[in-house]
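# Coordinates in review
Residue strings, one per chain:
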Amino acid sequence: MRKWMILLAAVLMLLAGCGKEPAVAGLSNEEFHQSFAEDYARPVSNITEITEENGGLMLKTDLGAPITAMKDGTVAWAADIGWNYGYGRLALVQQEDCYLLYAHCSQVAVKTGDTVKQGDKLGEAGSTGHTDNSIQLGVYRFPLEELLPVTDEDGTVSGFTINGKEPLIGVE
């Protein structure tokens, strides 16, 4: 009888957590907002460290952690394959005032042209492209005027350059 009561208590505890948002782990919201403005949402729930690297911020997290949009925008470029000049699998989201590049994803869940709202899933954290082999999400912010589209002969956008120079995003 006692075993059944313990089992029932365990099941009830599990059910009590169903449907709730995952708990924020790692860095506190205050620590997160030392690197990002208050109106930016956390792109992953478990961020253990934020470091500056190659003009962006590297957010250490868990493999496969869902990556969500930090702000509303439109996916300007999505690449679920390739090296992409070290960014690996990525989603480039155009916002009202800038582009946000979510890099080093293990998978990308959006397509070019998709509209995303803050909190929508963009992909999953990984270690693609040029990384230190830790699981991370690279977040790079570019002013709108710095990214220029590169088009194919038929006018299709095949990627972007930063200030008209390398590194290129989506083009190899």
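All of these numbers come straight from a predicted model, not from anything done at the bench.

### Digging into the overall build of the protein
Of the regular secondary structure elements, the protein holds two helices and 14 strands. Residues classed as buried in the protein amount to 42% of the 172 residues present. For the protein, restricting intrachain contacts to residue pairs at least 6 apart in sequence, the fraction spanning at least 24 positions comes to 52%. If you sum the accessible surface of the protein, you get close to 9,800 Å²; carbon and sulfur atoms cover 54% of it.

### Structural notes on unusual backbone geometry
Backbone geometry at H104 places phi at a positive 70°, although glycine is not the residue there. Assignment of secondary structure puts H104 in strand 8 (residues 98–108).

### So, the side chain of T68
Looking at the element boundaries, T68 is found in strand 5 (residues 66–68). Judged by its relative accessible area of 18%, T68 falls in the buried class. Dropping the residues within four chain positions of it, T68 is found in contact with R42, P43, Y102, G119, D120, K121 and L122.

### Here's the deal with the pairing of strand 8
Taken residue by residue, a regular strand's side chains alternate between the two faces of the sheet. Most of strand 8 sits inside the fold, with nine of its eleven residues counted as buried. Remark: three residues form the turn of the hairpin made by strand 7 (residues 89–94) and strand 8, two consecutive strands paired antiparallel. Of the pairings in the sheet, the one linking strand 8 to strand 11 (residues 136–143) comprises six bridges and is antiparallel in character. Pairing of L101 across the sheet is with Y140, part of strand 11. Note: strand 8 against strand 10 (residues 121–125), three bridges, orientation antiparallel. Within strand 10, the residue paired with Q107 across the bridge is E124.

### Concerning the confidence of the model for the protein
Here the protein averages 77 in pLDDT, while 80% of its residues score no lower than 70. Looking at the elements of the protein, mean pLDDT is at its lowest for helix 1 (residues 2–16), recorded as 38, and at its highest for strand 9 (residues 115–116), recorded as 97. Segment residues 1–25 is flagged for pLDDT under 50; beyond a separation of four residues in sequence, or across chains, it makes nine contacts in the model.

### What about the packing of aromatic side chains?
Considering all chains together, one arrives at two aromatic pairs under this definition. Between F36 and Y40, the aromatic rings sit 6.3 Å apart at their centres with planes inclined by 35°, giving tilted as the arrangement. Taking the relative accessible area as the measure of exposure, F36 reaches 8% and is therefore buried. For Y40, a relative accessible area of 9% puts it in the buried group.

### Focus: the side chain of T61
With respect to the element layout, T61 can be found in the loop between strand 4 (56–60) and strand 5. In this structure the side chain of T61 is engaged in a polar contact, spanning 2.5 Å, whose partner is the backbone oxygen of N46. Excluding its chain neighbours within four sequence positions, the residues that come into contact with T61 are V44, N46, T48, A125, I135 and Q136.

### Observations concerning the pattern of salt bridges
In total, this model carries four salt bridges according to the counting rule given. Its salt-bridge partner being K71, residue D39 comes within 3.0 Å of it at the nearest N-O pair. Placement of D39 in the loop between helix 2 (29–32) and strand 2 (46–47) and of K71 in the loop between strand 5 and strand 6 (73–79) is noted, with a sequence separation of 32 residues between them. Judged by relative accessible area, which is 44%, D39 ranks as partly exposed. Here E124 makes a salt bridge to K121, at a shortest N to O gap of 3.1 Å.

How each quantity is defined
- Residues numbered from 1 in each chain as written.
- Predicted model: local features only at pLDDT ≥ 70, side-chain atom pairs only at ≥ 80, totals over all residues.
- Heavy atoms only, no water.
- Helix = DSSP H or I, 4+ residues; strand = E, 2+ residues; numbered from the N terminus.
- Buried < 20%, exposed > 50% of the residue type's maximum accessible area, 1.4 Å probe, protein only.
- Contact = heavy atoms within 4.5 Å.
- Areas by Shrake-Rupley, 256 points an atom, 1.4 Å probe, with all protein chains shown as cover.
- Pairing = 2+ DSSP bridges.
- pLDDT = per-residue confidence, 0-100.
- Phe/Tyr/Trp six-rings, centres within 6.5 Å; stacked < 30°, edge-to-face > 60°.
- Polar contact = N/O pair within 3.5 Å; in protein donor to acceptor, adjacent residues only side chain to side chain.
- Salt bridge = Lys/Arg side-chain N within 4 Å of Asp/Glu carboxyl O.

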